[in-house]
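Spelled out from the first residue to the last, the chains are:
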Amino acid sequence: MSLAARLVLGGVMLVAGALKVTDPETASQAVRAYELLPEALVAPVGWGLPFLEIAIGLLLIVGFGVRAAAVAAGVFMVVFIAAVASAWARGLAIDCGCFGGGGQVAPGDTKYLQEILRDLGLLLLAVWLWLNPVSKFALESDPHTPPTGAPAS
């Protein structure tokens, strides 16, 4: 289960970041559409967020620092859920910009419930990985188990 959780959550984070990193202006436009940050923070968040998503995704996929990467991904999901819920509650009509794009859309074209449910599912994967970070094919094994041949402390 942890291997599947690593690959799904890591894959989503990697793809989301990769789709945004090539178009930082559009990523900044998506951040701006939420109307949550002061203008001075919109560009740094729009430019930096994709790189963080890529880094977290890669760590999860290769299985290095899984617990810390899962916590970071979980924090991202909580922030994304709160931002989408806030936009929905305030009557904004925006695309989440989760996989590129973002910004204003027609009021009937919002997908807030689906976005929140998706991110809740990803949050559950992050919690699972925080509780169960050890899995097959990970670069890092159980940090509490000494390496083969090493004396136990």
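Above this text sits the structure in question.
Just so it is clear, the model here is predicted, and its values are computed rather than measured. (Residues numbered from 1 in each chain as written. Predicted model: local features only at pLDDT ≥ 70, side-chain atom pairs only at ≥ 80, totals over all residues. Heavy atoms only, no water.)

Caption draft 1: Region of interest: the overall build of the protein. A count of helices and strands for the protein gives 5 helices and 2 strands. The N-to-C order of helical and strand elements in the protein reads α-α-α-α-β-β-α. Its C-alpha atoms give the protein principal-axis dimensions of about 60 × 25 × 20 Å. Put simply, the protein has 153 residues, and 39% of those count as buried. The long-range fraction of contacts in the protein, counting pairs at least 24 apart against all pairs at least 6 apart in sequence, stands at 72%. Element-wise, carbon and sulfur atoms account for 72% of the exposed surface of the protein, whose accessible area totals about 8400 Å². (Helix = DSSP H or I, 4+ residues; strand = E, 2+ residues; numbered from the N terminus. Buried < 20%, exposed > 50% of the residue type's maximum accessible area, 1.4 Å probe, protein only. Contact = heavy atoms within 4.5 Å. Areas by Shrake-Rupley, 256 points an atom, 1.4 Å probe, with all protein chains shown as cover.)

Caption draft 2: Spatial organisation of the packing of helix 2 (residues 24-33) against helix 3 (residues 39-62). At a closest axis distance of 8 Å, the pairing of helix 2 and helix 3 adopts a crossing angle of 130°. The orientation of helix 2 with respect to helix 3, classified from their angle, is oblique. Along this stretch, helix 2 crosses helix 3, giving a crossing that reads as right-handed. Contact residues: helix 2 offers Pro24, Glu25, Ala27, Ser28, Val31 and Arg32, while helix 3 offers Glu39, Val42, Ala43, Val45, Gly46 and Trp47. Grouping the constituent residues of the contact of helix 2 with helix 3 by class yields 7 nonpolar, 2 polar and 3 charged. (Axes fitted to C-alpha atoms, helices over the stretch in contact; angles between N-to-C directions. Parallel < 35°, antiparallel > 145°, perpendicular 65-115°, else oblique. Left-handed = near helix turned anticlockwise from the far one by under 90°. Nonpolar A, V, L, I, M, F, W, Y, C, P; charged D, E, K, R; others polar.)

Caption draft 3: Here's a closer look at the pattern of salt bridges. Per the counting criterion, the structure on display carries 3 salt bridges. Across the pair lysine 20 and glutamate 53 runs a salt bridge whose closest N-O atoms are separated by 3.0 Å. Of the two residues, lysine 20 sits in helix 1 (residues 2-21) while glutamate 53 sits in helix 3, which places them 33 residues apart along the sequence. Both residues of the pair, lysine 20 and glutamate 53, count as buried. (Salt bridge = Lys/Arg side-chain N within 4 Å of Asp/Glu carboxyl O.)

Caption draft 4: Representation of the nonpolar core within the structure. In terms of nonpolar packing, the biggest core is built from 30 residues, with Leu9, Tyr34, Ile56, Leu60, Ile94 and Leu129 touching the most fellow members. Elements represented by at least two residues in this core include exactly helix 1, helix 3, helix 4 (66-89) and helix 5 (112-131). For this core, the element with the highest residue contribution is helix 4, accounting for 11 residues. If sequence neighbours within four positions are ignored, leucine 129 has contacts with Ser2, Ala5, Arg6, Leu9, Leu60, Val66 and Ala70. (Core = buried A, V, L, I, M, F, W, Y, C linked by side-chain atoms within 4.5 Å.)

Caption draft 5: Structural detail: the state of the cysteines. A complete count under the given rule lists 1 disulfide for this structure. Bridging cysteine 96 to cysteine 98, the disulfide has an S-S length of 2.3 Å. (Disulfide = S-S within 2.5 Å.)

Caption draft 6: Region of interest: helix 3. Here helix 3 spans 36 Å end to end across 24 residues, near enough to the 34 Å set by a 1.5 Å rise per residue. Largest kink in helix 3: about 30°, centred on valine 45. Considered for burial, the residues of helix 3 that qualify are Val42, Gly46, Leu49, Pro50, Glu53, Ile54, Ile56, Gly57 and Leu60. Residues of helix 3 that are buried in the fold lie against helix 1, helix 2, helix 4 and helix 5. Looking one or two residues beyond helix 3, the residue adopting positive phi is glycine 63, at roughly 80°. (Expected span 1.5 Å × (residues − 1). Bend = angle between axes of the 7 residues up to and from the residue.)

Caption draft 7: Up close: the packing of aromatic side chains. Summed over the entire model, instances satisfying the criterion amount to 2 aromatic pairs. Measuring from centroid to centroid gives 5.7 Å for phenylalanine 76 and phenylalanine 80, while their planes differ by 85°, and the two rings are edge-to-face. With phenylalanine 76 and phenylalanine 80 both in helix 4 and 4 residues apart, the pair spans about one turn of that helix. Since its relative accessible area comes to 13%, phenylalanine 76 is described here as buried. (Phe/Tyr/Trp six-rings, centres within 6.5 Å; stacked < 30°, edge-to-face > 60°.)

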